[in-house]
Amino acid sequence: MQNFGPKYVYENIEKPLLPILTEMERRGVLVDTNQLGQLSQEFATRMATHENRIFELAGEQFNVNSPKQLGEILFDKLKLDLGKKKKRSTNVEVMELLAEQGHDIANEVLAYRSVAKLRSTYTEALSQQVNPKTGRVHTSYNAVGAATGRMSSSDPNLQNIPIRTEDGRKIRHAFIAPQGWQLMSADYSQIELRLLAHFSKSKGLQEAFLQGVDVHAFTASRVFNVELPDVTSDQRRIAKAVNFGLVYGMGATSLAKQIGTTRVEAQEYIGRYFTRYDGVKDYMEANKQFCRDHGYVETLFGRRIHLPTIHSNNGGLRAGAERAAINAPLQGSNADIIKLAMPKIEQALQQGGYKTRMLMQVHDELVFEVPQEEVKKVQPLITNLMENAVKLEVPLKVEAGLGTNWEDAH
DNA sequence: TCTCCATACC
DNA sequence: CAGGTATGGAGAC
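Residues numbered from 1 in each chain as written. Chains lettered and ligands numbered in written order. Predicted model: local features only at pLDDT ≥ 70, side-chain atom pairs only at ≥ 80, totals over all residues. Heavy atoms only, no water.

1. Quick look at the domain arrangement of chain A
Stage number 1. Each assigned domain of chain A is listed here: domain 1 (6-32 + 153-191 + 336-409), domain 2 (34-130) and domain 3 (201-335).
Stage number 2. Placing a centre on the C-alpha atoms of domain 1 and another on those of domain 2 gives a separation of 35 Å.
Stage number 3. Contact residues are listed per partner, giving 15 residues for domain 1 and 13 residues for domain 2.
Stage number 4. Of the roughly 1200 Å² buried where domain 1 meets domain 2, counting both sides, 62% is carbon and sulfur surface.
Stage number 5. Taken together, the connections running from domain 1 to domain 2 amount to two salt bridges.
Stage number 6. In this structure, the salt-bridge partner of aspartate 167 is arginine 46, at a minimum N-O distance of 2.6 Å.
Stage number 7. The class makeup of the residues in the side of domain 1 that touches domain 2 is eight nonpolar, three polar and four charged. (Domains from an automatic or database assignment. Contact = heavy atoms within 4.5 Å. Buried area = accessible area lost by both parts, 1.4 Å probe. Salt bridge = Lys/Arg side-chain N within 4 Å of Asp/Glu carboxyl O. Nonpolar A, V, L, I, M, F, W, Y, C, P; charged D, E, K, R; others polar.)

2. Quick look at the layout of surface pockets
Stage number 1. Its volume calculated, the largest pocket comes out at about 1000 Å³.
Stage number 2. Along the walls of the largest pocket sit 35 residues, with Gln190, His216, Lys240, Phe244 and Asp364 positioned nearest its centre.
Stage number 3. For the lining of the largest pocket, the elements supplying multiple residues, two or more each, are strand 6 (181-188), helix 7 (191-200), helix 8 (203-211), helix 9 (215-223), helix 10 (233-247), helix 11 (252-259) and helix 14 (315-351).
Stage number 4. No other element matches helix 10, which puts seven residues into the lining of the largest pocket.
Stage number 5. Across the lining of the largest pocket, the residue classes break down as 15 nonpolar, nine polar and eleven charged.
Stage number 6. Domain assignment of the residues forming the lining of the largest pocket places at least three in each of domain 1 (6-32 + 153-191 + 336-409) and domain 3 (201-335).
Stage number 7. Looking at the second largest pocket, its volume works out to about 630 Å³.
Stage number 8. Along the wall of the second largest pocket there are 19 residues; nearest its centre are Leu118, Pro162, Ile163, Arg164 and Thr165.
Stage number 9. Per-element accounting of the lining of the second largest pocket gives the leading share, six residues, to helix 5 (residues 104-128).
Stage number 10. Counted by class, the lining of the second largest pocket contains eight nonpolar, five polar and six charged residues.
Stage number 11. Residue assignment places the lining of the second largest pocket across two domains, with domain 1 (6-32 + 153-191 + 336-409) and domain 2 (34-130) each supplying three or more. (1 Å grid on protein atoms, 1.4 Å probe; cavity = no way out; pocket = protein on both sides within 12 Å on 5 of 7 lines; lining within 4 Å. Points joined across faces, edges and corners; volume = space filled by probe spheres on them. Helix = DSSP H or I, 4+ residues; strand = E, 2+ residues; numbered from the N terminus.)

3. Some details on the packing of aromatic side chains
For any pair of aromatic rings, the description rests on two quantities: the centre-to-centre distance and the angle between the ring planes.
Stage number 1. Counted under the stated rule, the structure contains eleven aromatic pairs.
Stage number 2. Arranged with centres 5.8 Å apart and planes meeting at 10 degrees, the rings of tyrosine 8 and phenylalanine 301 form a pair that is stacked. On the criterion of sequence distance, the pair formed by tyrosine 8 in helix 1 (residues 6-27) and phenylalanine 301 in the loop between strand 7 (296-298) and strand 8 (304-306) is long-range, its members being 293 residues apart. Across this residue pair, the class does not change: tyrosine 8 and phenylalanine 301 are buried.
Stage number 3. Each ring, one from phenylalanine 290 and one from tyrosine 296, has its centre 5.8 Å from the other, and the planes form 75 degrees; the classification is edge-to-face.
Stage number 4. On the accessibility criterion, phenylalanine 290 (26% relative accessible area) is partly exposed.
Stage number 5. Taking the relative accessible area as the measure of exposure, tyrosine 296 reaches 11% and is therefore buried. (Phe/Tyr/Trp six-rings, centres within 6.5 Å; stacked < 30°, edge-to-face > 60°. Buried < 20%, exposed > 50% of the residue type's maximum accessible area, 1.4 Å probe, protein only.)

Printed below as a string of structure tokens:
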């Protein structure tokens, strides 16, 4: 076993990865430009409909894409107001509050915005970046695009292709496999929470993963003191927000906002979480202290994330660094693990004589083009390599899906 | 060309 | 917006 540290990360993780990223960029991903073109038209029509309704409700025409002009319409002309607390922002949060108060114009703005984003960034911009000869888009990966060790992707960014909404999934549907091939998506399930269970040595959290149960439901059963089968969907929703938020170093205020309750109640959930998952609180405090002592935090393999503002006199900056000190080792270790798995997979595919090709990496997911006849062999091969890339105190789980397009592969 | 705002993803 | 990103449009310069 070698000594982990920055040198190890460079020699054993980053260096072997680079030629593979080059190959993935060169291969590109097949995109159905006809689908994108049709979508673009559909979105344009819907944008016009929402825009006209906005003009009617506003009593005049203006540029809806301009937050400045929109703010003048909403807050000056129509005198919409959310009390002294909120400023003149026109973001989702404010628009949703206005919509709740019965202001239809806010709903129209939200509808317009979501379609406009999908059209400008995806159906329009993406189509233009497809190589007309090959029908493929070729992204550019930055191996160390993020300070945590995550990669980034640009021109086009393939790591933020929509998936959340029905309209968004229509864009993912246009990422396709060639005739006779399938797209296979393989993603690590709950990897950051598994890493938290590993690092914190929390027996409670580890138990969820060792038992192989739904970790959010398991957390709910712990926090709400009910048997696993009796967990309600609302309890699970809250537990999921707590699990998710804790990984970000979240406080009671933001959790309260997220789950729509009071700060006091949110604090109560966090307290119960730390009681039931012994070790998690200590782990987080230890990370903050390590950061104060060294000025950086470390990932599983010793990648360093420098956080100089941990010593700032500015309380906001300091608090931000403390949250990052909790999150960065989890996010960065995830990056270490998938980056370690990628060359192993490439090598195994080559040695096995497979035509299957790795095309994309989306932080905890790898996407492949697989000839139909290789699916049965390659799916378990890749899943096993990913799951066994490292040995932790809890198992890693990979979920793989197949389809003729990226949407169906999930 | 740059910053700000808003919003897409993990 | 709670951790990490990239991008498009508006508007200032």
